[in-house]
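Report on the structure
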Amino acid sequence: MTSLVAGAFYWATSDKYADRRTTIVQVSTIFGEAPDYWSLAVLGSDQHYMISDFEIIALVEPPEEYPMRHAAE
């Protein structure tokens, strides 16, 4: 995985989080919009990590029969 997308969800593993179990992370722009300031937020927590702390496996693809909706919809 070479390029990340702000706000996107990815499957990832880390030696520093959850004993290398696969988890879902979101690319966060909380520290700034420029890619140099992006971090990874672990779902279900308020923790943000450096992108280099994780090995990105793949983009999370929502099932086609359940399109993603935003809370305002």
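Residues numbered from 1 in each chain as written. Predicted model: local features only at pLDDT ≥ 70, side-chain atom pairs only at ≥ 80, totals over all residues. Heavy atoms only, no water.

**Considerations on the pairing of strand 3 (residues 39-42)**
The condition that has to hold: Exposure is judged per residue with a 1.4 Å probe applied to protein chains only, and the accessible area is read against the type maximum: over 50% gives exposed, under 20% gives buried, and values in between give partly exposed. Strands here are runs of E lasting at least two residues and helices are runs of H or I lasting at least four, both read from the DSSP assignment and numbered beginning at the N terminus. What makes two strands pair is DSSP finding at least two bridges between them.
Every second residue of strand 3 is oriented toward a common face, with Ser 39 and Ala 41 on one face and Leu 40 and Val 42 on the other, all of them buried. One ladder, built from four bridges, connects strand 2 (residues 23-28) with strand 3; its direction is antiparallel. Across the sheet, Val 25 pairs through a bridge with Val 42, a residue of strand 3. Bridge count for strand 3 against strand 4 (residues 48-49) is two bridges, and the pairing is antiparallel. Across the sheet, residue Leu 40 finds its bridge partner in strand 4, namely Tyr 49.

**Focus: the packing of aromatic side chains**
Within a pair of aromatic rings, the relevant descriptors are the distance that separates the centres and the angle that separates the planes. Put simply, the test is: Under the pairing criterion, centres of Phe, Tyr and Trp rings, with the six-membered ring standing for Trp, must be within 6.5 Å; the plane angle then separates stacked pairs below 30 degrees from edge-to-face pairs above 60, leaving the rest tilted.
By the definition in use, this model includes one aromatic pair. Between Tyr 49 and Phe 54, the ring centres sit 5.5 Å apart and the planes meet at 75°, which makes this aromatic pair edge-to-face.

**Quick look at a nonpolar patch on the surface**
Condition: Two distance rules govern patches: like charges are joined within 9 Å, and nonpolar side chains (Val, Leu, Ile, Met, Phe, Trp, Tyr) within 5 Å, applied only to residues with over 30% relative accessible area and no salt bridge. Note that accessible areas follow from Shrake-Rupley with a 1.4 Å probe, and for residues the cover is restricted to the protein chains shown. Salt bridges are counted wherever a side-chain nitrogen of Lys or Arg sits within 4 Å of a carboxyl oxygen of Asp or Glu.
A cluster of nonpolar residues, Ile 30, Phe 31 and Tyr 37, forms a patch on the protein surface that exposes about 380 Å² of accessible area. As for its position among the elements, Ile 30 is in the loop between strand 2 and strand 3.

**Examining the sheet that holds strand 4**
As summarised here, the arrangement of the five strands in space is 4-3-2-1-5, forming an open sheet in which the pairing is antiparallel. Strand pairing shows two members of the sheet lacking a second neighbour, strand 4 and strand 5 (55-59), which therefore form its edges.

**With respect to the side chain of Ser 39**
Convention followed: Any two residues whose heavy atoms approach within 4.5 Å at even a single point are treated as in contact.
The topology assignment puts Ser 39 in strand 3. Residues in contact with Ser 39, not counting those within four places in the same chain, are Gln 26, Val 27, Ser 28, Ile 30, Phe 31, His 48, Tyr 49 and Ile 51.

**Here's the deal with the pattern of salt bridges**
Counting across every chain of the model gives three salt bridges. Its salt-bridge partner being Asp 15, residue Arg 20 comes within 3.3 Å of it at the nearest N-O pair. Classification of Asp 15 as exposed rests on a relative accessible area of 63%. The residue Glu 55 makes a salt bridge to Arg 20 at a minimum N-O spacing of 3.1 Å. With a gap of 35 residues between them, Glu 55 in strand 5 and Arg 20 in the loop between strand 1 (9-13) and strand 2 connect regions that are remote in the sequence. Residue classification places Arg 20 among the partly exposed residues on the basis of a relative accessible area of 39%. Ionic contacts of the salt-bridge type, sharing partners, join the residues Asp 15, Arg 20 and Glu 55 into one network.

Nothing here speaks to function; it is geometry throughout.
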